[in-house]
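Next come the chains, spelled out residue by residue.
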Amino acid sequence: MKYTELAAELAQLLEADQIEKKDFVCRYFASDDPSQFDAEKAELERNTKERSARMLQILKEVDGEPSLSNIGTDGALAVSVLASHDGPEVLDE
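The paragraphs below set out a description of the structure included in this document. (Residues numbered from 1 in each chain as written. Predicted model: local features only at pLDDT ≥ 70, side-chain atom pairs only at ≥ 80, totals over all residues. Heavy atoms only, no water.)

Attention now moves to the pattern of salt bridges. Counted under the stated rule, the structure contains eight salt bridges. One salt bridge connects R27 with D23, and the closest N-O pair in it is separated by 3.1 Å. With R27 and D23 both in helix α1 (residues 3-30) and four residues apart, the pair spans about one turn of that helix. By relative accessible area, which is 31% here, R27 ends up partly exposed. Residue D23 is classed as partly exposed on the basis of its relative accessible area, which comes to 41%. Ionic pairing is found between D86 and K49, a salt bridge with its closest N-O pair at 2.7 Å. Of this pair, D86 sits in helix α3 (residues 68-86) while K49 sits in helix α2 (residues 38-61); the two residues are 37 residues apart in sequence, bridging distant segments of the chain. One network of salt bridges, with partners in common, ties together E9, R54 and E61. (Salt bridge = Lys/Arg side-chain N within 4 Å of Asp/Glu carboxyl O. Helix = DSSP H or I, 4+ residues; strand = E, 2+ residues; numbered from the N terminus. Buried < 20%, exposed > 50% of the residue type's maximum accessible area, 1.4 Å probe, protein only.)

It is worth stressing that arrangement in space is one thing and function is another; only the former is reported here.
See below:
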């Protein structure tokens, strides 16, 4: 797979992440009873982990270290945001 395709997939993962999180957060904080979102929050966390796992797979497909020259700025931004949304263990990887 070419680096441009990998970068595009990273950008798509980021877009999906941002849409899902923004939608959830808006409804969660506007609610009088945030506990009604427990199941949806768990699903959001699962989806976040799935996106992070795919991101890590993509990074393994890059020959050598991922860099701006092979995944571009959009790909690098996606990696940064997706990793920070999942947690410190993904940031370490």
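That covers the picture; the talk isn't over yet.
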